[in-house]
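# Examining the three-dimensional arrangement
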Amino acid sequence: MTVHKSKGLEFQVVFVVGLVEGLMPHKQGEIEEERRICFVALSRAMKKLYLSHSQSYLGKPAAPSIFLEEIAG
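First things first, this report covers the structure right here in the doc. (Residues numbered from 1 in each chain as written. Predicted model: local features only at pLDDT ≥ 70, side-chain atom pairs only at ≥ 80, totals over all residues. Heavy atoms only, no water.)

## Description of the pattern of salt bridges
- Evaluated as defined, the whole model comprises three salt bridges.
- For arginine 35, the salt bridge goes to glutamate 70, with nearest N and O atoms at 2.7 Å. Of this pair, arginine 35 sits in helix 2 (residues 31-42) while glutamate 70 sits in helix 3 (residues 66-72); the two residues are 35 residues apart in sequence, bridging distant segments of the chain.
- Salt bridges linked by common partners bring Glu32, Arg35 and Glu70 together as one network. (Salt bridge = Lys/Arg side-chain N within 4 Å of Asp/Glu carboxyl O. Helix = DSSP H or I, 4+ residues; strand = E, 2+ residues; numbered from the N terminus.)

What follows is the structure, encoded as structure tokens:
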């Protein structure tokens, strides 16, 4: 399910994958809108939330999303 389609729904467990720079936030997106979209994804979880990123994307090294750093504080 996409983040957009999850709006207004809640789930016991949510997995948010692909928290990679250029993907979330999208490299062509407006950062505040991307932050709101990420918040929608995170706020769908009622009990457990799992966040992940990969070390590579499309065969190239990938950096974790800046949102992960913001979440961790």
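## Here's the deal with the pairing of strand 1 (residues 11-16)
- Two elements, strand 1 and strand 2 (residues 45-51), share five bridges in a ladder whose sense is parallel. For valine 16, the partnering residue across the bridge sits in strand 2 and is leucine 51.
- Each parallel crossover has a hand, and the one from strand 1 via helix 2 to strand 2 is right-handed. (Pairing = 2+ DSSP bridges. Right-handed = clockwise from strand over helix to strand, strands pointing away.)

## Concerning the packing of aromatic side chains
- On inspection of all chains with the given rule, the structure shows one aromatic pair.
- The interplanar angle of 10° and the centroid separation of 4.7 Å between the aromatic rings of phenylalanine 15 and tyrosine 50 together place this pair among those described as stacked. Linking phenylalanine 15 in strand 1 with tyrosine 50 in strand 2, this pair joins segments that are 35 residues apart in sequence.
- Accessibility expressed as a relative area gives 39% for tyrosine 50, which makes it partly exposed. (Phe/Tyr/Trp six-rings, centres within 6.5 Å; stacked < 30°, edge-to-face > 60°. Buried < 20%, exposed > 50% of the residue type's maximum accessible area, 1.4 Å probe, protein only.)

## Some points on the environment of isoleucine 31
- Residue position: isoleucine 31 is located in helix 2.
- On the accessibility criterion, isoleucine 31 (32% relative accessible area) is partly exposed.

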